Amino acid sequence: MPEKHVPKETCQSRKQHPSIAVYPGTFDPITNGHIDIIKRALQLFDKIIIVIAINVEKKPLFTLEERIDMINTCFANSSDCIEVDMTDGLIVDYTISKNAKAIVRGLRAVSDFDYEFQLALMNRKLERRVETVFLMTGFRWIFISSSIIKDAAKHNGDVSGVVPAHVKAALKKKFS
Ligand code: COA
């Protein structure tokens, strides 16, 4: 007699409901590293909701509307499987409100691990129905962050290849 590790109802419910994950962040601005995570997360989930969430320690360069516009431009042809939104509440509450089952986070280096581990454990304590799924950031994007890119752009550095062209143009405009 095989063991029943997965209840039958779980399998049936999977067929009926698309699997949704939430990808939260500040996205100030979105980078090719974020896009890499989103594309790969789409291989695991039917839909990804990219949600701009408030990180109280950050003072964004771009307004919320500007950040949403830049993300929407990246995924203009994928509106059936990508949604862009914002929240000023807890990310786990947002996740449940959207019937999503997971939070996706990208790990760049060991230095990300402590913070991400704390965040995932706190989120799990707050809401046990939500899992955090970590994806390794692609090798090419391990050393980039929105701050580093903004700093380079501010000093007239060429940020081609680390952000999409429209984000590069938006950075240029901000710093001109
Ligand atoms: N490639 C390249 N860079 C990446 C990356 C990737 N795949 N993934 C993240 N980064 C960079 C980002 O650009 C960002 O750079 P910056 O610090 O220079 O801006 C940095 O890594 C961390 O970014 P991000 O993953 O966006 O995290 P964040 O700190 O901006 O976001 C929140 C944290 C918003 C998800 C978190 O604060 C949150 O959930 N807030 C909502 C309130 C809440 O629920 N809090 C939790 C209670 S326990």
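Residues numbered from 1 in each chain as written. Predicted model: local features only at pLDDT ≥ 70, side-chain atom pairs only at ≥ 80, totals over all residues. Heavy atoms only, no water.

(A) Inspection of the pairing of strand β2 (residues 47-53) at higher detail. The buried count for β2 comes to six of seven residues, which makes it a mostly enclosed element. With six bridges joining them, strand β1 (residues 20-25) and β2 adopt parallel strand pairing. Within the sheet, the bridge partner assigned to Val-22 lies in β2 and is Ile-49. Between β1 and its parallel partner β2, the chain crosses via helix α2 (residues 32-41), and the hand of that crossover is right-handed. Note that β2 and strand β3 (residues 82-87) share six bridges and pair parallel. Paired with Ala-53 across the bridge in β3 is Thr-87. Between β2 and its parallel partner β3, the chain crosses via helix α3 (residues 64-74), and the hand of that crossover is right-handed. (Buried < 20%, exposed > 50% of the residue type's maximum accessible area, 1.4 Å probe, protein only. Helix = DSSP H or I, 4+ residues; strand = E, 2+ residues; numbered from the N terminus. Pairing = 2+ DSSP bridges. Right-handed = clockwise from strand over helix to strand, strands pointing away.)

(B) Spotlight on the environment of Leu-107. Its location among the elements puts Leu-107 in strand β4 (residues 102-107). Leu-107 sits in the buried class, given a relative accessible area of 11%. Put simply, Leu-107 and Thr-137 are 30 residues apart on the chain and 5.5 Å apart in space, counted from C-alpha to C-alpha. The contact partners of Leu-107, leaving out residues within four places of it in the chain, are Asp-112, Phe-113, Glu-116, Phe-134, Leu-135, Met-136 and Thr-137. (Contact = heavy atoms within 4.5 Å.)

(C) Quick look at the sheet that holds strand β5 (residues 131-136). Taken in spatial order, the five strands line up as β3-β2-β1-β4-β5 in an open sheet, and their pairing is parallel. Only two strands of the sheet have a single neighbouring strand rather than two, namely β3 and β5. Taken over all neighbouring pairs, the strand axes of this sheet differ in orientation by 30° on average, direction set aside. Sitting on the sheet, α3 touches β2 and β3, and the angle it makes with β2 is about 160°. (Axes fitted to C-alpha atoms, helices over the stretch in contact; angles between N-to-C directions.)

(D) Inspection of the site of the ligand at higher detail. Near the ligand you find 26 residues, and of these Thr-26, Asn-55, Ile-91, Ser-146 and Ser-147 are the closest. Take Lys-58: an N or O atom from its side chain is 2.8 Å from an oxygen atom of the ligand. Measuring from an oxygen atom of the ligand, one finds a side-chain N or O atom of Arg-108 at 3.0 Å. A majority-of-atoms criterion places the ligand in the largest pocket. (Near = heavy atom within 4 Å. Polar contact = N/O pair within 3.5 Å; in protein donor to acceptor, adjacent residues only side chain to side chain. 1 Å grid on protein atoms, 1.4 Å probe; cavity = no way out; pocket = protein on both sides within 12 Å on 5 of 7 lines; lining within 4 Å. Sits in = over half its atoms within 2 Å of the grid points.)

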